[in-house]
Every structure is written in C-alpha cells, then in structure tokens.
Amino acid sequence: MSVEEHVMTLNRTGGRFDLTRLAAAFPEQADTMLLDTYLTDKPEASIRVFRIYRDVPPHYHTQCDEVLHVLSGEGAFWIDDPAEEAPFAPGHLLVFPRRAVHAVPRLVKGPVVFLAIDTPRRAPDDVVFLNPAEGTPAGFIAQV
C-alpha cells in the first residue's frame, strides 16, 4: 500500500496513523529536498510526515509556527544563529516560530523523517530561502 493509500484509509477509519509505517514508505530518492504527506489539512493546522533527502539551507515560513518531532535519523539544525548549531535525533522536538530562520545543514544518519505540526496550516509554497539561489518552493517539497 502506498503512503497516500495508507493515509486515506486511516483518515476514513477515524484518524489513527501508523507513523512508523508511513515513514518507511517514503522512496529512497527524491527530486526535491523533502517529500511529505498530509495527515490533516485544515486552515487552523496541518499535520504532516516528511522525509529530508539533502541538507536544507536557511529559510523561514511566513504563515505558520512549525513543530517537528524527529521520528528517525540524525543531523544538525540551527535556528536564528548558525553558530548555535545543535544535533537532533529520534525523540527530539524542534520548534520554529513563524519567520524564524532555520536550517538543517547536515544529515548524519538517515533516513531523516519528521512529524510536523504547523499552526496555522502551512501551504506547500510557504518557504522563503535567505539566498534564493539555494532553493525555490517548487524545489523544496513535494507531496507523496
């Protein structure tokens, strides 16, 4: 069963999601930096599972606060100040307020998969790169 079929089935059966199974269903490679699948998608909030495929340059979101729970993988992130780079690993929770510049400059051990809760909803094109040459909304994320 594909990620999309699994999510659709679970949505129809009351919203119980097997995050481990969803994380394992992401493909090994992607053309974008990230791939995601929405578990819920309402104006007041969206919940997604996404996988990172390569380092993510400094960027921010204009529409939402982003809360990330690390499901798998290890790497490094920073928020507001690159000198404050810190590691992340499964079980960690990363919180990025709206307009806070953040990055994932190093993926150490993959696959790196997050559960994201965005309040309010994060539109797929809500990403602003500090250096536009490093990324575009179209190259940032695609849905599975």
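These numbers come from a predicted model, not from an experiment.

Participant: Lay out the pattern of salt bridges with the relevant residues and their values.
Facilitator: In this structure the tally under the stated criterion is six salt bridges. Across the salt bridge formed by D41 and R121, the nearest N and O atoms sit 2.4 Å from each other. Of this pair, D41 sits in strand 1 (residues 34-42) while R121 sits in the loop between strand 7 (102-119) and strand 8 (128-129), and the two are 80 residues apart along the sequence. Accessibility expressed as a relative area gives 41% for D41, which makes it partly exposed.

Participant: Give a detailed account of unusual backbone geometry, specifying residues and quantitative values.
Facilitator: The residue after G110, namely P111, is reached through a cis peptide bond having omega -5°. Along the polypeptide, P111 turns up in strand 7. Omega for the peptide link from T119 to P120 comes to -15°, which places this bond in the cis form. Structurally, P120 can be placed in the loop between strand 7 and strand 8. One non-glycine residue, D80, adopts positive backbone phi at about 70°. Looking at the secondary structure, you find D80 in the loop between strand 4 (65-79) and strand 5 (86-88). Owing to a relative accessible area of 56%, D80 belongs among the exposed residues under this scheme. Positive phi, normally seen in glycine, also occurs at R99, with a value near 70°. Within the secondary structure layout, R99 lies in the loop between strand 6 (93-96) and strand 7.

What counts and how
Residues numbered from 1 in each chain as written. Predicted model: local features only at pLDDT ≥ 70, side-chain atom pairs only at ≥ 80, totals over all residues. Heavy atoms only, no water. Salt bridge = Lys/Arg side-chain N within 4 Å of Asp/Glu carboxyl O. Helix = DSSP H or I, 4+ residues; strand = E, 2+ residues; numbered from the N terminus. Buried < 20%, exposed > 50% of the residue type's maximum accessible area, 1.4 Å probe, protein only.

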